[in-house]
Amino acid sequence: MSENHVPRPVVASGEIAVRGVSKSYGEAHLAREVVKDCDFTIERGKLTVMIGPSGCGKSTLIRLLAGFEMPDKGSILLDGQPITGPSRDRLVVFQETALFPWLTTWDNILYGPRARGEVTPQTLEFAEFLLNKVGLREFRHKYPTQLSGGMQRRAELARAMINNPQIMILDEPFRGLDAMTKELMWEYYANLYEESGRTNFFVTTDIDEAVFLADRMLIMTNIPTQVRAVIEVDVPRPRRLADMVTSDRANAVKMEALAILHEEAMKSFSRGSKAAADFVEAYARRSAKA
Amino acid sequence: MPQQDKQPISPDMMIGILKATMPFQVVSEPLLRRIAAIGWKTTFRAGDTLYEAGGPADDLFIVVAGKIDHELQPGVHARRPMKTLVEGDVFGWAALLEKVPNRLAKAVCTEDALVIRINGEELLKVLESDPNAGDVVMSRFATMITRDYTVPDLIAQLRGIHRKLHARDPQGMNVTLYRVSRWLKSPKPYLMLIGLSIFFGGWYLFVEVLRLPRFREMPGITTVVAEWMSPNPTYGLSIYTGEYYQHILVSIWRVTQAFFLATALGVPLGLFLGWSRKFKDLVFPVFETLRPIPILAWVPIAIVMFVATESAVIFLTFLASFFATALNTMLGVESIDESYVRAAYCLGSNERQVFLHVIVPGSLPFIFTGLQISVGVAWFSLVAAEMVSGQYGLGYVINTSYTTVKYPTIIIGMITLGAVGYVTSAMVRVAGDYMMQWRLRELAMGAN
Ligand SMILES: Nc1ncnc2c1ncn2[C@@H]1O[C@H](COP(=O)(O)OP(=O)(O)O)[C@@H](O)[C@H]1O
Ligand SMILES: [Mg+2]
C-alpha cells in the first residue's frame, strides 16, 4: 500500500461554534461557575489546541462538546445544528478514557465500526493501515495490560481515528507519559492529523505540545474559564520536532503564549489562588529555561 | 575486529552486576544464575574498538567499569545517536533483534573498561525457557532503548522477539497454568501440606494417643481410614461399595442443577440490579430481606412448596448460591469504570450494545468471584437440604449415620464432601481463567 493511498471513506469535516456558553456546578449559594460566557470556534479542517492551567474548566467544556452535559446558558453548534447528546460525529477521547481491557488491540480498534454494524472490507483495510501507522502491527493480538503506556495511547488514537469523525476531540491524551514517549506521540499524532486533514480539537496544559501541534491556539483564563487569546501558529507543515526547536516563529509563539498564561495566573494569584501561585512559579521557571 | 579474550567470571559477581541493569533488574535469582552461567568478562583499553556498524551482532555487553562511546549509525534514525556508556549500561542489543544480524552502532572504548559479554542467541534460549520472565526482560529492553536513544522502529523488532517468546499468548489454559506454576513456586503448597499434617496429626494425637475425654466418642483417624479403604466395611460404606459413589453422584448432580439454575437466574438479575437504578430500588430491598435467612429456616416452606422432595432439595441448595451470584454480579456492574461506558457511547454504541459489550465483560471478574462462592455455598446448603430427602447424597449419609450411630461413616461423608466441594470450586476457577485471558498480565503483576 502506498503512503499516499489512505483507504479512508470520505466524510466532510465539521466545524463547531461555541457561543456564550456558561456552566456551573452545585446548587444555589454553593454553585460554582466553571465556564463563563465562553465563545470560540473550532475551525473546519484545522487543529485547534486549547491550553489553560489545570482545573480551569477545560474538561468541563469537553463534556459539553461531547454532549454528555448541557450548558446552562448559550449554545454549541456543529455545522449550525445544536448538539443534543453524544454522537459519533464528534469523537471524544476523554482525559480518563482507556482501552477496553477485555479486548485485544485489534478488537479495541474495531470496536466503533462493529458497534455500529459498519464493518466492510474497507474498514478492515483502514484498521490495518492505522495499526501500521501507530506502530502496533505486532501487537494486534495483545491485551491492553500487555502494552506499554505509550502503546496504549497510540491504540486509543487508532480506535478513535477509524471512525472518521467529522471532529476529533482529545482531552490531554498524552498525560502521564514520560517526556521522550510524549515527543514520539506528538509525531505520530501530527502525522495522523496531517494525513486526515480533518477538524481536530486538542486540550493540553503543556506549552511545547501546544506549539508543536497547533494551527490555532486558544489560551484560556483561569476558572471560570473563557478564551483569553487566540494565536495563529503559522509554522508550515509537516513539522519536525527538531525544526520547531530552532524555528523563530515557533519560539515567538511560545513566548507570547507564556506571557499571556503568566499574566492570567498573576491575576488569579492576586485574588489569592494557591493553584495560581504554583502556576506562576512553574511558568517562571520554564520561561527562564526557554 | 580484534577478538578480545573472554574470561570466566564468578556467578555471584555477575548476578550483582546484572541486578544493577535496567533489563535484568527484576529477574528472579534462579534465572539470573542461569544467565550468569553463560556470561564472560573482557577488558578493553582506551582506544580499542569493540565493534563497528555492520559487523556481526553476536554478543550483548554490560559495562562494569570504564567508559565506552556508542554511536548509532545514521540509518537507524535515532533521535539521540551518541551516548557515553558507563557502569551498569547495556549495549550491543542488536544481538537480540530479530531481523538485524549486524551491528547498528560503533562502540569505542574511551577509558579502560571491564565489560561482561553474553552471547545473544544463548541468552534468548535461556529467556525462552521462562516466557513470563523473558517477556519482562524484553519489554524492559524496549523501554531502555526508547529512553536512551528513541528509535521506534527497533522497538517493534525487539518486541518481535518478545512476541515470539510469548508465542503462547494468553489462550486456552495459560492463565490457569500460570497460576499453578506460580503457586508451585510459592511457599503455599508446602505450608498447605504442613497445615494438613498438623490437622491430621492432632486428630490422631488427641483421639487415639491422648484419648482426651472430649473426643471419647470420636472415631480415630486410623479407624476412619481403615473403614474407608476396607473391602468389607463394618458400617457398610467404603471406596469398595457402589453405594459410596452413588451418594457422591447424587450430590454432585443436585449441586450441578442448583448451581446452573443459580447462575442462569442470578447473573441476569445481578446485571439488571447494577445497570438500572429503578430496578434496583424496586427489587433490592426484597432481595436484602431474603438473603440473610438461613437455609434451615427455608426447609418447611420448601417442603410445603414442592411436592417432589427432589425439587425441594434442589431449591434449598440453589438459594444461597443464587443470592451470592446475584450480589457479586451487581457489585461487578457497579464497579465498572464509568469511562468505559462513555467511551462506548462515543464510539457509537447504543444502550443494548453498551450492556452486552461493556457491562457484561467488564463485570466478569466479579461474576466469577460470585460463582466460586456460589459453588461453595451450594455444597454448604446441600447438607441441610438433604435432611429433607429420603434416599441418597453425602448430606443424607451424614445425617442418617448420625441417627444410626455409624460415626466413622459420618467422617467419611464429611471428608468426601470437602474434597468434592474443593474440586468443583477449582473447576469454576479454571473456567473463569479460560474466559478472562486478558487478565493474565494483571495477575502476573500481582493484582490478584
Ligand atoms: N461534575 C462536577 N461537579 C462539581 N464540580 C465540578 C464538576 N466537574 C468539574 N468541576 C469543577 O470544575 C473545575 C474545573 O474542572 P475541569 O473541567 O476538570 O478542569 P480542567 O480539565 O481544566 O483541569 C474544578 O474545580 C472542578 O472541581
Ligand atoms: Mg481536565
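Look up a bit, the structure's there.
Now for a description of the structure that goes with this document. (Residues numbered from 1 in each chain as written. Chains lettered and ligands numbered in written order. Predicted model: local features only at pLDDT ≥ 70, side-chain atom pairs only at ≥ 80, totals over all residues. Heavy atoms only, no water.)

Within chain B one finds 17 helices and six strands. Considering only residue pairs separated by 6 or more positions, chain B has 73% of its internal contacts joining residues 24 or more positions apart. Carbon and sulfur atoms make up 64% of the accessible area of chain B, which amounts to about 22,000 Å² in all. (Helix = DSSP H or I, 4+ residues; strand = E, 2+ residues; numbered from the N terminus. Contact = heavy atoms within 4.5 Å. Areas by Shrake-Rupley, 256 points an atom, 1.4 Å probe, with all protein chains shown as cover.)

It is worth spelling out the packing of aromatic side chains at this point. All names here are of chain B. Here the structure, examined in full by the defined rule, presents 31 aromatic pairs over all chains. Ring geometry for Tyr-51 and Phe-61: centres 5.9 Å apart, planes at 35 degrees, overall tilted. With a gap of 10 residues between them, Tyr-51 in strand β2 (residues 49-51) and Phe-61 in strand β3 (residues 59-72) connect regions that are remote in the sequence. Of the residues examined, Tyr-51 reaches a relative accessible area of 4% and is grouped as buried. Their ring planes at 15 degrees and their centres at 5.1 Å tell us that Phe-61 and Phe-91 sit as a pair that is stacked. (Phe/Tyr/Trp six-rings, centres within 6.5 Å; stacked < 30°, edge-to-face > 60°. Buried < 20%, exposed > 50% of the residue type's maximum accessible area, 1.4 Å probe, protein only.)

This part is about the site of ligand 1. Residue and element names in this part refer to chain A. Around ligand 1, the surrounding shell consists of Tyr-25, Arg-32, Val-34, Ser-54, Gly-55, Cys-56, Gly-57, Lys-58, Ser-59, Thr-60, Arg-63 and Ile-223. Gly-57 is positioned with one of its backbone polar atoms (N or O) 3.0 Å from an oxygen atom of ligand 1. One of the backbone nitrogen or oxygen atoms of Lys-58 is found 2.8 Å away from an oxygen atom of ligand 1. Relative to its free-state accessible area of 560 Å², ligand 1 is covered by the protein chains to the extent of 62%. Elements with a contribution of two residues or more to the shell around ligand 1: β2 (32-42) and α1 (58-66). A per-element tally of the shell around ligand 1 places α1 first, with four residues. For the shell around ligand 1, the per-class residue count stands at four nonpolar, five polar and three charged. (Near = heavy atom within 4 Å. Polar contact = N/O pair within 3.5 Å; in protein donor to acceptor, adjacent residues only side chain to side chain. Nonpolar A, V, L, I, M, F, W, Y, C, P; charged D, E, K, R; others polar.)

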